[in-house]
Amino acid sequence: MSIDSTRLAELHEAEVARFVADHPACAALAEAGRAHMPLGVPMSWMAKWPGGFPVHVAQATGAHFVCADGLEHVDLCLGDTGAMSGHSPAATVAAVREQLGQGITTMLPTADAAVVAALLTDRFSGPGPARLTQWQFTLTATDANRHLLRYARMVTGRPKVAVIDKCYHGSVDETFATLEDGRVVERRGTIGAPVPPELTTAVVPFNDLPAMERALATGEIAAVLLEPAMTNIGIVLPDAGYLRGLEESARAHGAVLIIDETHTLCVGPGGATAAWGLEPDALVVGKTIGGGIPAAAFGMTAELADRVAEMIEMEDIDVGGVGGTLAGNALSLAAIRATLGEVLTPAAFAAMEELAVAWTDGVQGVLDETGLPWHVTRLGARAEYAFSSAPPHDGAEAADADDFPLQQYLHLHALNRRVLLTPFHNMALMSPATSRADVDAHTVAFAEAARTLR
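Residues numbered from 1 in each chain as written. Predicted model: local features only at pLDDT ≥ 70, side-chain atom pairs only at ≥ 80, totals over all residues. Heavy atoms only, no water.

Trainee: Mind showing me how you'd approach the overall build of the chain here?
Mentor: Helices and strands together make up the secondary structure of the chain, namely 14 helices and 16 strands. Scaling as 2.2 N^0.38, a compact globule of 454 residues should have a C-alpha radius of gyration of about 22 Å, and the chain matches this with 22 Å. Taken along its principal axes, the extent of the C-alpha atoms in the chain is 65 × 55 × 45 Å. Burial analysis of the chain (454 residues in total) assigns 52% to the buried set. Here the analysis covers contacts within the chain between residues at least 6 apart in sequence; of these, 73% occur between residues at least 24 apart. Per element, the accessible surface of the chain, about 19,000 Å² overall, is 56% carbon and sulfur. Looking at the chain, you have 29 positive and 54 negative side-chain charges, and the mean spots of the two groups are 2 Å apart. (Helix = DSSP H or I, 4+ residues; strand = E, 2+ residues; numbered from the N terminus. Rg over C-alpha atoms; globule rule 2.2 N^0.38 Å. Buried < 20%, exposed > 50% of the residue type's maximum accessible area, 1.4 Å probe, protein only. Contact = heavy atoms within 4.5 Å. Areas by Shrake-Rupley, 256 points an atom, 1.4 Å probe, with all protein chains shown as cover. Lys, Arg positive; Asp, Glu negative; His and termini not counted. Charge placed at Lys NZ, Arg CZ, Asp CG, Glu CD.)

Structure, rendered in structure tokens:
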């Protein structure tokens, strides 16, 4: 079933008019912002929200926020995972408040550092020999990925990184590459690439073990960096045996396998790594582990950490391109300790996954009723719908199914019904504070939108 573009434009125009009428205070704030901020926002992505300007938040608590116009919204975006713990969880706020009075950053460790490293080891290490026992901290998952790629090139002496086609790992230069007629090229929209991507990167489709084997067989690959399930292009789940086969291939060819769990932490307390029994050489996790306070971490096996340590000269440890003066600061570590220990607990994940099942069932029910040839996929506490009848097998299939004007209309329609989805795709994320009423509010709004398109 195709969506008539003229009809879609008319529907979108009506929603824009409604949005503007409902948000005069947000519009005024957006106009004020344009005086000294490009696009009127403090970070460029915020301009992608539908409606002509973003809603401005006055207060966010739990799974809801109130905008500058006093309107309360259900938040299923949750800062694109940064607030998966819910906004301002009580335990995190208490820990942060206490630490604020005791020092924020000193470039010295606090007692929380060892406690948090042990917590992460327990969460992400399986029973196998490749346990992730050595941890370092950063402010973003981007930095964690960058640091591990530097280490991988150093210990292997190899120049390239293998990534997945249509992947996303923050603003890591090597990952802004895609496949075009079998060639590695810049991904559309890449800004100021430092070198042609084929010099640094091999790009392989997700779920394609033979293609990964061919890339590794060149002997050029220092590291394989991937999510265990793709999330940023839409959810793409791994085939049975794919991740185990990838582990074996990377190990056989001496490449460092790095799993980025920044989004796939939604699978459970230890992400997909623990839930699916994965054994990477290194792991990255960020965004939500600090409950909204900037924080990220990367873990390594003892074997990899030893190889790194053998090649680092203490005199030069601060000028090698790894680390940062604010990384591992007292405030971030206090926030991680409270968030992992008291907020994102196994019980919380179980409840979040149950709500994600309900959200998925609600969307599927609407698709069945309206006959829209779309699908919905769930990954732990995260779920989303996409504009193809069957789930994609790789990133290219997921990208081909995207429809930006349709996506913008559906997001704005939901926002006008006080439900916020992630602006980059049709994702909903559950938090410990999300309720069944929040889920049902989306189902009602989605059903109304779907009927307008039927």
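Trainee: Teacher, can you tell me more about the packing of aromatic side chains here?
Mentor: Here the distance between the centres and the angle between the planes together describe a pair of aromatic rings. As enumerated under the stated definition, the model contains 13 aromatic pairs in all. Three or more aromatic residues link up through ring pairs in this structure, and these residues are Trp-359, Trp-374, Tyr-385, Phe-387 and Phe-446. (Phe/Tyr/Trp six-rings, centres within 6.5 Å; stacked < 30°, edge-to-face > 60°.)

Trainee: Would you mind going over the nonpolar core with me for this structure?
Mentor: Nonpolar side chains tend toward joint burial in soluble globular proteins. In terms of nonpolar packing, the biggest core is built from 64 residues, with Leu-120, Trp-359, Trp-374, Tyr-385, Leu-410 and Met-430 touching the most fellow members. Judged by nonpolar contacts, the second largest core, of 49 residues, contains Ile-164, Cys-167, Ala-177 and Ile-259. (Core = buried A, V, L, I, M, F, W, Y, C linked by side-chain atoms within 4.5 Å.)

Trainee: What am I meant to see in the layout of surface pockets here?
Mentor: A water-sized probe, rolled over the atoms, reveals where empty space remains. The space that makes up the second largest pocket amounts to roughly 980 Å³. For the second largest pocket, the lining is made up of 37 residues, of which Gln-136, Tyr-151, Ile-317, Val-322 and Gly-323 are closest to its centre. Mapped onto the lining of the second largest pocket, the elements with two or more residues apiece are helix H4 (111–124), strand S4 (132–138), helix H5 (141–156), strand S12 (296–301), helix H9 (302–311) and helix H10 (330–343). Here the lining of the second largest pocket is built from residues that sort into 22 nonpolar, eleven polar and four charged. (1 Å grid on protein atoms, 1.4 Å probe; cavity = no way out; pocket = protein on both sides within 12 Å on 5 of 7 lines; lining within 4 Å. Points joined across faces, edges and corners; volume = space filled by probe spheres on them. Nonpolar A, V, L, I, M, F, W, Y, C, P; charged D, E, K, R; others polar.)

Trainee: Would you mind showing me how to read the pairing of strand S9 (residues 221–226) here?
Mentor: Residues in a regular strand project their side chains so that they alternate between the two faces of the sheet. Burial of S9 is extensive: six of the six residues sit out of reach of the surface. With three bridges connecting them, strand S5 (residues 160–164) and S9 associate as parallel partners. Along S9, the bridge assignment pairs Lys-160 with Ile-221. Pairing between S9 and strand S10 (residues 256–260): four bridges, direction parallel. Looking at the pairing, Leu-225 lines up with Ile-258 of S10. (Pairing = 2+ DSSP bridges.)

Trainee: Please explain the side chain of Gln-99 as it appears in this structure.
Mentor: Looking at the secondary structure, you find Gln-99 in helix H3 (residues 90–100). In this structure Gln-99 touches Asp-112, Ala-330, Leu-331 and Ala-334, once residues within four positions along its chain are discounted.

Trainee: Can you walk me through the sheet that holds strand S11 (residues 282–285) in this structure?
Mentor: In a beta sheet, neighbouring strands pair by backbone hydrogen bonds and run either parallel or antiparallel. What the seven strands build is an open sheet, ordered S4-S12-S11-S10-S9-S5-S8; its pairing is mixed. The open sheet is flanked by S4 and strand S8 (201–204), the only strands paired with a single partner. When strand polarity is set aside, the average angle formed by the axes of neighbouring strands in this sheet is 20 degrees. Helix-sheet contacts for helix H7 (residues 242–252) involve S5, S9 and S10, and the interaxial angle to S9 is about 165 degrees. (Axes fitted to C-alpha atoms, helices over the stretch in contact; angles between N-to-C directions.)

Trainee: What's the story with the sheet that holds strand S14 (residues 382–386) in this structure? I'm lost.
Mentor: Across the sheet, which stays open at both edges, the three strands sit in the order S13-S14-S16 with antiparallel pairing between neighbours. Of all the strands in the sheet, just strand S13 (375–379) and strand S16 (427–429) have a single pairing partner and so form its edges. Strand-to-strand twist of the sheet, defined as the mean angle between neighbouring strand axes without regard to direction, takes the value 15 degrees. As paired strands, S14 and S16 are joined by three bridges and run antiparallel to one another. Bridge pairing in S16 places Arg-382 opposite Leu-429.

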